[in-house]
Amino acid sequence: MARVIVLVIFTILVVALFSTTVQAQDDVTWAKRVDTGKEVVTTMEFYFHDTLSGRNPSALKIAQSATTNSSQTGFGLVFMADDPLTVGPDPNSKLVGRARGIYGSAGQTDVELIMVMSYGFLDGIYNGSSFSLLSANQALNPVREMAIVGGTGLFRLARGYAIAQTYSIDLTTGDAVVGYNVTIATYI
Ligand SMILES: *[C@@H]1O[C@H](CO)[C@@H](O)[C@H](O)[C@H]1NC(C)=O
Ligand SMILES: *[C@@H]1O[C@H](CO)[C@@H](O)[C@H](O)[C@H]1NC(C)=O
Ligand SMILES: *[C@@H]1O[C@H](CO)[C@@H](O)[C@H](O)[C@H]1NC(C)=O
């Protein structure tokens, strides 16, 4: 008899516990989680044209500090850019997108830019999609890696990286052409 009572109490406890758990999940009507596990990896190769000289510069100096001129690294200098992205290093090759945003000199002891830029695409299925790059850029190194932290359109939920390689630079004007190899993971 005592055993039966213990068993009944145990069953009631288990049922109560189970229904609480179920209720805790059902409680939330405004959110849900779905495990899709479907990852897509996109790789891209293009060239970035940052032109400071001439009558139509693609990057403008917008700010600097009172001490920037006496800094060896131009610390505090800030640019606003709208730089074309093309399939080849020739600026007249096919335009596939534009990199828009701000970069500035963020290193006091060595040249390092901070890049806060949106890379928006215009070509084919990527037209209207963009990814956001937020990263330090050791611009004088021939090759550097930058972090991609999000995106829109085909690049929703993007995370990835860009390997940037200077193709050409004019040290007098600062005009540069930079090759990009980008790898991005998203979900279907
Ligand atoms: C820094 O140098 C630039 C270009 O030579 C000049 O236009 C600007 O007035 C200077 N700024 C200061 C704060 O000295
Ligand atoms: C990209 O999309 C815009 C807006 O929908 C459209 O006007 C434009 O023609 C498209 N460009 C290409 C190359 O498909
Ligand atoms: C992409 O990476 C390959 C292999 O390192 C390199 O040969 C190529 O020049 C890079 N592309 C660009 C646009 O920099």
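Residues numbered from 1 in each chain as written. Chains lettered and ligands numbered in written order. Predicted model: local features only at pLDDT ≥ 70, side-chain atom pairs only at ≥ 80, totals over all residues. Heavy atoms only, no water.

Enquirer: Let's hear about the overall build of the chain: which residues, and what values?
Expert: In terms of regular secondary structure, the chain is built from one helix and nine strands. For the chain, the α and β elements follow one another from N to C terminus as α-β-β-β-β-β-β-β-β-β. Burial statistics for the chain: of 188 residues in total, 30% are counted as buried. (Helix = DSSP H or I, 4+ residues; strand = E, 2+ residues; numbered from the N terminus. Buried < 20%, exposed > 50% of the residue type's maximum accessible area, 1.4 Å probe, protein only.)

Enquirer: Describe in detail a nonpolar patch on the surface, supporting the description with residues and values.
Expert: Side chains of Leu60, Ile62, Met80, Ile102, Ile114, Val116, Leu134 and Val149 sit close together on the surface and give an oily, nonpolar patch of about 660 Å² of accessible area. Taken together, the elements giving at least two residues each to the nonpolar patch come down to strand 2 (59-63) and strand 5 (113-121). Looking at the secondary structure, you find Ile114 in strand 5. (Patch = residues over 30% accessible without salt bridge, like charges linked within 9 Å, V, L, I, M, F, W, Y side chains within 5 Å. Areas by Shrake-Rupley, 256 points an atom, 1.4 Å probe, with all protein chains shown as cover. Salt bridge = Lys/Arg side-chain N within 4 Å of Asp/Glu carboxyl O.)

Enquirer: Mind laying out the site of ligand 3, listing which residues take part and the relevant values?
Expert: Every residue lining ligand 3 is accounted for by Glu45, Phe46, Tyr47, Gln165, Gly179, Tyr180 and Asn181. A distance of 2.9 Å separates a nitrogen atom of ligand 3 from a polar atom in the side chain of Glu45. At 2.3 Å from an oxygen atom of ligand 3 is found a side-chain nitrogen or oxygen belonging to Asn181. With the chains in place, 54% of the 360 Å² that ligand 3 exposes on its own is no longer accessible. Looking at the shell around ligand 3, the elements with two or more residues in it are strand 1 (39-50) and strand 9 (176-187). Taken together, the residues of the shell around ligand 3 sort by class into three nonpolar, three polar and one charged. (Near = heavy atom within 4 Å. Polar contact = N/O pair within 3.5 Å; in protein donor to acceptor, adjacent residues only side chain to side chain. Nonpolar A, V, L, I, M, F, W, Y, C, P; charged D, E, K, R; others polar.)

Enquirer: I'd love a proper account of the environment of Gly124, names of residues and values included.
Expert: Turning to its location among the elements, Gly124 is positioned in the loop between strand 5 and strand 6 (130-137). Residue Gly124 is classed as exposed on the basis of its relative accessible area of 58%. Taking the C-alpha atoms as reference points, Gly124 and Val96, 28 residues apart in sequence, are found 8.7 Å from one another.

Enquirer: Could you give an account of the packing of aromatic side chains, with specific residues and numbers?
Expert: Scanning the model with the defined rule gives 13 aromatic pairs in all. A centroid spacing of 6.5 Å and a plane angle of 40 degrees characterise the contact between Phe46 and Tyr119, whose relative ring orientation is tilted. Linking Phe46 in strand 1 with Tyr119 in strand 5, this pair joins segments that are 73 residues apart in sequence. Here Phe46 matches Tyr119 in class, with each residue buried. Residues Phe79 and Tyr103 carry aromatic rings whose centres are separated by 5.3 Å and whose planes lie at 15 degrees to one another, so their mutual orientation is stacked. Taken together, the residues span a long stretch of sequence, with Phe79 in strand 3 (residues 78-86) and Tyr103 in strand 4 (residues 95-105) at a distance of 24 residues. Tyr103 matches Phe79 in its accessibility class, with the two residues each being buried. An aromatic cluster is present here, built from Phe46, Phe48, Tyr119, Phe121, Tyr126, Phe131, Phe155 and Tyr180 joined pairwise through their rings. (Phe/Tyr/Trp six-rings, centres within 6.5 Å; stacked < 30°, edge-to-face > 60°.)

Enquirer: If you had to explain the nonpolar core to someone new, which residues and values would you point to?
Expert: Judged by nonpolar contacts, the single largest core of 29 residues is most densely connected at Phe46, Tyr119, Phe131, Leu133, Tyr180 and Val182. The contact partners of Tyr119, leaving out residues within four places of it in the chain, are Phe46, Phe48, Leu85, Arg98, Ala99, Ser129, Ser130, Phe131, Leu133 and Tyr180. (Core = buried A, V, L, I, M, F, W, Y, C linked by side-chain atoms within 4.5 Å. Contact = heavy atoms within 4.5 Å.)

Enquirer: Go over the environment of Val78 with me, naming the residues and quoting the values.
Expert: Relative to the elements of secondary structure, Val78 occurs in strand 3. Since its relative accessible area comes to 24%, Val78 is described here as partly exposed. Sequence separation of Val78 and Leu60 is 18 residues, and the distance between their C-alpha atoms is 8.5 Å. If we ignore the near neighbours within four places in the chain, the residues touching Val78 are Leu60, Lys61, Ile62, Ala63, Ile102, Tyr103 and Gly104.

Enquirer: Can you lay out the pairing of strand 7 (residues 143-152) for me, pointing to particular residues and giving the numbers?
Expert: Pairing analysis gives four bridges linking strand 6 to strand 7, with the strands arranged antiparallel. Residue pairing in the sheet places Phe131 in a bridge with Gly151 of strand 7. Hairpin connection, strand 6 to strand 7: the antiparallel pair is bridged by five residues. Of the strand pairs in this sheet, strand 7 and strand 8 (residues 159-169) are connected by six bridges, and their pairing is antiparallel. Considered in strand 8, the bridge of Arg144 is made with Ala164. (Pairing = 2+ DSSP bridges.)

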